[in-house]
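# Overview (structure and organization)
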Amino acid sequence: MFVTTARFVTPHAAKYIAQLCKHFAHKVPADWDAAQGRAALPSGPVTLRAEDGALLVRITAEDAKAMIQSRFVVDSHLVTFAHREGFTGLHWQIEAGPGETG
């Protein structure tokens, strides 16, 4: 199991949670409110949280390939949604890898 997280400093975290989850809900189960969201991406679930002027993203995936796929999905959508802020990608951190708990 892999767990990866990223933080995007933005005053518009709640807006991006809504945009991402509404978009993902066209294809996968997703739910959200102003402070948090969750989408069941095929490559691994993503949770989103608005906190202290930032968007926090957490992905859980079965393997490295699925983790990379989920990261790409989130990053590529945020590039579109947050282009006015000059967004070019998240800086991901691996919180847990194979055999670890996170």
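Heads up: these notes are all about the structure in this document. Computed from a predicted structure; not experimentally measured.

A word on helix 1 (residues 13–24). Taking 1.5 Å per residue as the helical rise, helix 1 with its 12 residues ought to reach 16 Å, and the 16 Å between its terminal C-alpha atoms agrees with that figure. Every buried residue of helix 1 is listed here: Ala13, Tyr16, Ile17, Ala18, Leu20, Cys21 and Phe24. Buried residues along helix 1 sit in contact with strand 1 (2–9), strand 2 (30–32), strand 3 (36–39), strand 4 (46–51), strand 5 (54–61) and helix 2 (64–81).

Inspection of the secondary structure assignment puts Glu95 in strand 6 (residues 93–96). Given the relative accessible area of 45%, Glu95 is considered partly exposed. Once the C-alpha coordinates of Glu95 and Ile59 are considered, the two residues, 36 residues apart in sequence, prove to be 9.8 Å apart. A polar side-chain atom of Glu95 sits 2.8 Å from a polar atom in the side chain of Thr5.

On strand 3, burial follows the alternation: Gly37 and Ala39 on one face are buried, whereas Gln36 and Arg38 on the facing-out side are not. In terms of strand pairing, strand 2 meets strand 3 through three bridges, oriented antiparallel. When the bridges of strand 3 are listed, Trp32 appears paired with Gly37. Taking the residues between adjacent antiparallel strands as the criterion, strand 2 and strand 3 are bridged by three residues. Joining the antiparallel neighbours strand 3 and strand 4 is a turn of six residues, in which Gly44 adopts a positive phi near 150 degrees.

Our focus in this paragraph is the nonpolar core. Counting residues in each nonpolar core, the largest one holds 23 residues, and the members touching the most others are Val46, Leu48, Leu55, Val57, Val74, Leu78 and Leu90. Elements supplying a minimum of two residues to this core: strand 1, helix 1, strand 4, strand 5 and helix 2. No other element matches helix 1, which puts six residues into this core. Beyond its immediate sequence surroundings of up to four residues, Leu55 is in contact with Ala6, Arg7, Phe8, Thr10, Ala13, Tyr16, Ile17, Leu48, Arg49 and Leu78.

Another point: the pattern of salt bridges. Side-chain pairs of opposite charge can arise where the charged atoms are in close proximity. Counted under the stated rule, the structure contains one salt bridge. Note that Arg49 and Glu51 form a salt bridge whose closest N and O atoms lie 3.0 Å from each other.

About the cut-offs
- Residues numbered from 1 in each chain as written.
- Predicted model: local features only at pLDDT ≥ 70, side-chain atom pairs only at ≥ 80, totals over all residues.
- Heavy atoms only, no water.
- Helix = DSSP H or I, 4+ residues; strand = E, 2+ residues; numbered from the N terminus.
- Expected span 1.5 Å × (residues − 1).
- Buried < 20%, exposed > 50% of the residue type's maximum accessible area, 1.4 Å probe, protein only.
- Contact = heavy atoms within 4.5 Å.
- Polar contact = N/O pair within 3.5 Å; in protein donor to acceptor, adjacent residues only side chain to side chain.
- Pairing = 2+ DSSP bridges.
- Core = buried A, V, L, I, M, F, W, Y, C linked by side-chain atoms within 4.5 Å.
- Salt bridge = Lys/Arg side-chain N within 4 Å of Asp/Glu carboxyl O.

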